[in-house]
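# Notes for the structure review
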Amino acid sequence: MPAQPDAPPGAKPAQAVLSAPQKALRKLGLVRDIDLALHLPLRYEDETRIVRLSEAREGEVVQVEGAVTHSEVSFRPRRQLLVTLDDGSDTCTLRFFNFFPSQQKMLAVGARIRVRGEIRGGFMGRTMMHPAFHLAGGELPDALTPVYPTSAQLPQAYLRKAVASGLKRADLSETLPPDLLRGLEGVVRNAEGPLFTLRDALRYLHHPGPDVSMDALEDRSHPAWQRLKAEELLAQQLSQLTAKRERDALVAPTLLARPGGLHEQLLAVLPFALTAAQRRVGEEIARDLARPVPMHRLLQGDVGSGKTVVAALAAAIAIDSGWQCALMAPTEILAEQHFAKLIGWLEPLLAPLGKRVAWLTGSQKKKQRTEMLALIASGEAALVVGTHAVIQDQVQFRNLALAIIDEQHRFGVAQRLALRSKMGPGSQALPTEGRSGDAQRATDGGEPHLLMMTATPIPRTLAMSYYADLDVSTIDELPPGRTPIVTKVMSDHRRDEVIARIGAQVAEGRQVYWVCPLIEESEVLDLSNATQTHADLSAALPGVLVGLLHSRMAPAEKKAVMDLFKAGQMGLLVSTTVIEVGVDVPNASLMVIEHAERFGLSQLHQLRGRVGRGAAASACVLLYSPPEGGRLGETARERLKAMAETNDGFEIARRDLEIRGPGEFMGSRQSGAAMLRFADLATDGHLLDWARQAAAQMLTRHPEAAEKHTARWLGTKAEYLKA
Ligand code: ADP
Ligand code: MG
């Protein structure tokens, strides 16, 4: 054991100034010995063999050894050192454009040197550009040389040494109990010999022997890789299961739907019947609320599948039991919509109970805000709807029992934790006999129930790995009477055609969205582009009221524009992506997305979901502009193709995952760097299945080993998984 297990190799005591490479190590997260041991090579160089020049093929990276027979500095076409190397089988020219006098001296005629580089053919015969070289002789290593991912301030040689010493010092003792190891043996594919231990797997992957199958190393199917991935997946499952068990030990109010209560009343006033899927997920949520443990549920359903009403029904149960409910949405427009709808449905039912709906946003006037805060603190506001403003410090709930987060992927971990912590002044656990929905117990603490909603469904493998600690409810059915949206991908050359179509739609009494993209991440350019488009379309469509909506507008202005659009007076709404989530205008039947190639797949799907909400046949036009004289990039083409081919949010999510990989897909949940580094859900499903089972067994039967395992793999990152 080193004196300071947390210090980078060679680090001086804590106050000492770190050298540049030491700082660079920290920046890469390479702090503990185990971090270094788990920093695996990108690729390998083979320095174990010396090849005869006559046998080396063009394009191959080889190591050769021979004598310098000629050495000169030439000035044409530019200053360069040209050295001829002869190994007895053939000769080769070494070219250096940058060289020190000392190097030139080492490469003097008669010197014997060992050289490593790529063989190139050419007019002047075989050549190596800037090969690595040193004096000939010396032992050949018996393992491949690792090349590690690194940064500019961290020389490869320094990193190699750091990793080697980290690997030597790290505690790599077995954490898996024998029964789990036996299970893993049965799962690891192509295992020819006994299962690799973690120590052997790491040693092997850092320094594989020269006869290794490069393919198995590169595609990470080698048994040593599989052992490593299994360990990583196990750590991920363990930390999520731990988070889940910790939550299960907490206390939350039991919320029951009374016969004849608010829940039933709300159902009765809805202008439609729930779909079977809405009923099913509603029951799943109601069951959770009736338990004295905090709910931690994700409600996923495609755009337009009707998640809001499910949320309202859950809120009704909480309110009916005498508690408060908070609903947080990522944008003001969306929050305002929820508010309008929920008010319409709920307020008439709340009034007889002396309760109200409160509304909180960042842009609120101070007076109104103060009023709302008072309503929330007194408990008169049974339901609080708003943006991030809901989680600010001044907001004190009297007795929050249910927190609902819409479009949850738009929020960060910290924000979700903040909402959960709004339980109120007495947020300690309730005594067991005190668990009750009785309003008299308003200040008794506990945890609120948490319902997260998303229109970006999580593919199954992701749900099983990254979201293993969540309960998931899925609305897999759209309300009846919707006509599928027809999606067309068109070049921007056909803009005039599209504008004519807008005119025709508006003439039929329909409404249209036109979405302008972000340009170079610049809000100013973004805005000028939308403004220009607005002017052009207004000119091209005389007699049509064309509105403009963008993120720089004051909230009141935004609201005025949205009101005109919602009321049907505005035929065309030009907008930046502020309308992305949740806007609901059933009469809108055409969506045009300009520069669709610049949007991500799930964003396109979200945008498209703004139409097709009513009975009218709806369409989405994806306008693309290939770069000057060129073609659209591969990814952009794949995305547009996927959009044209399917309307199914699950299929879109699956393809998005395929195109982008889980990193971007997951967004904020992964800000804690809880990403899998080694395992790949596309190929390692068998290991994930093992890890899921193993984690449950290990936590129950070997809790200490489980803790050690998680700490080794995740260090302090495990905390992030709890949100
Ligand atoms: P999302 O799941 O995208 O949030 P919303 O909750 O905004 O969807 O619902 C989309 C639209 O469908 C709204 O106008 C809503 O009132 C309506 N709706 C919801 N459920 C039903 C249903 N069972 N039958 C008919 N219309 C419904
Ligand atoms: Mg919604």
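Residues numbered from 1 in each chain as written. Chains lettered and ligands numbered in written order. Predicted model: local features only at pLDDT ≥ 70, side-chain atom pairs only at ≥ 80, totals over all residues. Heavy atoms only, no water.

## Regarding the overall build of the protein
Put simply, the rule reads: Counting from the N terminus, the helices are the DSSP runs of H or I reaching at least four residues and the strands are the DSSP runs of E reaching at least two. Here, two residues are considered to be in contact whenever any of their heavy atoms come within 4.5 Å of each other. Residue burial considers only the protein chains on display, and all accessible areas are found by Shrake-Rupley using a 1.4 Å probe.
Secondary structure assignment for the protein yields 24 helices and 21 strands. Looking at the protein alone, contacts between residues at least 24 apart form 76% of all its contacts between residues at least 6 apart. Surface accessibility of the protein: about 32,500 Å² in total, with carbon and sulfur atoms responsible for 53%.

## Things to note about the packing of helix H6 (residues 198-206) against helix H8 (residues 223-248)
Convention followed: For helices, the fitted axis covers only the stretch in contact; all axes are lines through C-alpha atoms, and the angles between them, taken along N-to-C directions, range from 0 to 180 degrees. An angle counts as roughly parallel when it lies under 35 degrees, as roughly antiparallel when it exceeds 145, as roughly perpendicular when it falls between 65 and 115, and as oblique in every other case. Here is the rule for handedness: rotate from the far helix to the near one, and if that takes an anticlockwise turn smaller than a right angle the crossing is left-handed, while a clockwise turn gives right-handed. In the scheme used here, Gly and all other residues not listed as nonpolar or charged are polar, with Ala, Val, Leu, Ile, Met, Phe, Trp, Tyr, Cys and Pro taken as nonpolar and Asp, Glu, Lys and Arg as charged.
At a minimum axis separation of 9 Å, H6 and H8 run at an interaxial angle of 125°. When the axis of H6 is compared with that of H8, the two are oblique. Of the two possible hands of crossing, H6 and H8 adopt the one that is left-handed. In this structure, H6 uses Leu198, Ala201, Leu202, Tyr204 and Leu205 to contact H8, whose residues at the interface are Ala224, Trp225, Arg227, Leu228 and Glu231. Here the contact of H6 with H8 is built from residues that sort into 8 nonpolar, no polar and 2 charged.

## Side note on the confidence of the model for the protein
Basically, it comes down to this: One confidence number per residue, pLDDT, is output by the predictor and ranges from 0 to 100.
When pLDDT is averaged across the protein, the result is 83; 86% of the residues are at 70 or more. Model confidence for the protein, summarised as mean pLDDT per element, is weakest for helix H22 (residues 662-666) at 51 and strongest for helix H10 (residues 276-289) at 97. The low-confidence segment residues 1-8 (pLDDT under 50) makes 12 contacts with residues lying over four places distant or belonging to another chain. Between residues 424-444, whose pLDDT stays under 50, and residues either more than four places distant or in other chains, the model counts 38 contacts.

## Let's talk about the sheet that holds strand S7 (residues 132-135)
For clarity, the threshold we go by: One bridge is not enough; two strands pair if DSSP finds at least two bridges between them.
Reading across from one edge, S6-S4-S3-S2-S5-S7 is the order of the 6 strands in this open sheet, with mixed pairing throughout. A single partner strand is all that each edge strand has here, and the edge strands are strand S6 (127-129) and S7. Each strand of the sheet is rotated relative to its neighbour by a mean of 35°, with strand direction disregarded. Strand direction decides the pairing type here: strand S2 (residues 61-74) and strand S5 (residues 112-118), joined by 7 bridges, are antiparallel. Across the sheet, residue valine 61 finds its bridge partner in S5, namely glutamate 118.

## Thoughts on the packing of H8 against helix H24 (residues 703-714)
Where H8 contacts H24, the two axes come as close as 9 Å, and the packing angle between them is 110°. The orientation of H8 with respect to H24, classified from their angle, is roughly perpendicular. On H24, the residues that touch Leu228, Glu231, Glu232, Leu234, Ala235, Leu238 and Ser239 of H8 are Ala706, His709, Thr710, Trp713 and Leu714. The class makeup of the residues in the contact of H8 with H24 is 7 nonpolar, 3 polar and 2 charged.

## Considerations on the site of ligand 1
The condition is simple: Working definition: residue near molecule or strand if any one of its non-hydrogen atoms lies within 4 Å of it. A 3.5 Å cut-off defines polar contacts: any pair of N or O atoms within that distance qualifies, except that in protein one atom must be a possible hydrogen donor and the other a possible acceptor, and neighbouring residues in sequence count only when both atoms are side-chain atoms.
Taken together, 17 residues lie near ligand 1, and Gly304, Lys307, Thr308, Arg482 and Asp584 sit nearest. At 3.0 Å from an oxygen atom of ligand 1 is found a main-chain nitrogen or oxygen belonging to glycine 306. In the complex, 87% of the free accessible area of ligand 1, which totals 560 Å², lies under the protein chains. Partitioned by chemical class, the residues of the shell around ligand 1 number 5 nonpolar, 6 polar and 6 charged.

## Regarding the pattern of salt bridges
Worth spelling out the cut-off: Within this document, salt bridges are pairs made up of a side-chain nitrogen of Lys or Arg and a carboxyl oxygen of Asp or Glu, the two lying within 4 Å of each other. Remark: exposure states derive from per-residue accessible area (1.4 Å probe, protein chains only) relative to the maximum for the residue type, with buried under 20%, exposed over 50%, and partly exposed in between.
Across all of its chains, the model carries 29 salt bridges by this definition. Across the pair lysine 229 and aspartate 684 runs a salt bridge, and its minimum N-O distance is 3.0 Å. Here the residue lysine 229 occupies a position in helix H8, and aspartate 684 occupies one in the loop between H22 and helix H23 (685-701), the gap between them amounting to 455 residues. Pair check on accessibility: lysine 229 and aspartate 684 agree, each one buried. Because the salt bridges share partners, they merge into one network encompassing Arg280, Glu284, Asp288, Arg297 and Asp476.

## Considerations on the sheet that holds strand S11 (residues 356-360)
Strand order in the open sheet formed by 7 strands is S11-S12-S10-S13-S14-S9-S15, and the pairing between neighbours is parallel. Each having just a single partner strand, S11 and strand S15 (471-475) make up the two edges of the open sheet. When strand polarity is set aside, the average angle formed by the axes of neighbouring strands in this sheet is 20°. In this structure, strand S13 (residues 400-405) lies alongside strand S14 (residues 449-454), joined through 4 bridges in parallel fashion.

## With respect to the packing of aromatic side chains
Rules: Note on aromatic contacts: the rings of Phe and Tyr and the six-membered ring of Trp form a pair at centre separations within 6.5 Å, being stacked when their planes are under 30 degrees apart, edge-to-face when over 60 apart, and tilted otherwise. Working rule: Lys NZ or Arg CZ, within 6 Å of ring centre, within 35 degrees of ring normal, means a charge sits over the ring.
Overall, the coordinates contain 6 aromatic pairs when judged by the stated rule. Ring geometry for phenylalanine 96 and phenylalanine 133: centres 5.6 Å apart, planes at 75°, overall edge-to-face. With phenylalanine 96 in strand S4 (residues 91-96) and phenylalanine 133 in strand S7, this pair connects stretches of sequence that are 37 residues apart. The class for phenylalanine 96 is buried, based on a relative accessible area of 4%. Here phenylalanine 133 falls in the buried class, since its relative accessible area comes to 15%. Residues phenylalanine 196 and tyrosine 204 carry aromatic rings whose centres are separated by 5.7 Å and whose planes lie at 65° to one another, so their mutual orientation is edge-to-face. Put simply, the rings of Trp225, Phe678 and Trp713 pair up and form one aromatic cluster. Here arginine 78 stacks its cationic end above the ring of phenylalanine 97, 4.2 Å away from the centre of that ring.

## Focus on the pairing of strand S10 (residues 324-328)
The two faces of a sheet get side chains in turn, since along a regular strand they alternate between them. Counting buried residues in S10 gives 5 out of 5 residues, a clear majority hidden from the surface. Side-chain alternation along S10 places Gln324, Ala326 and Met328 on one buried face and Cys325 and Leu327 on a second face that is also buried. The pairing of S10 with S13 spans 5 bridges and is classified as parallel. From the neighbouring strand, cysteine 325 faces S13, where its bridge partner is leucine 402. With 4 bridges joining them, S10 and strand S12 (residues 381-386) adopt parallel strand pairing. When the bridges of S12 are listed, methionine 328 appears paired with glycine 386.

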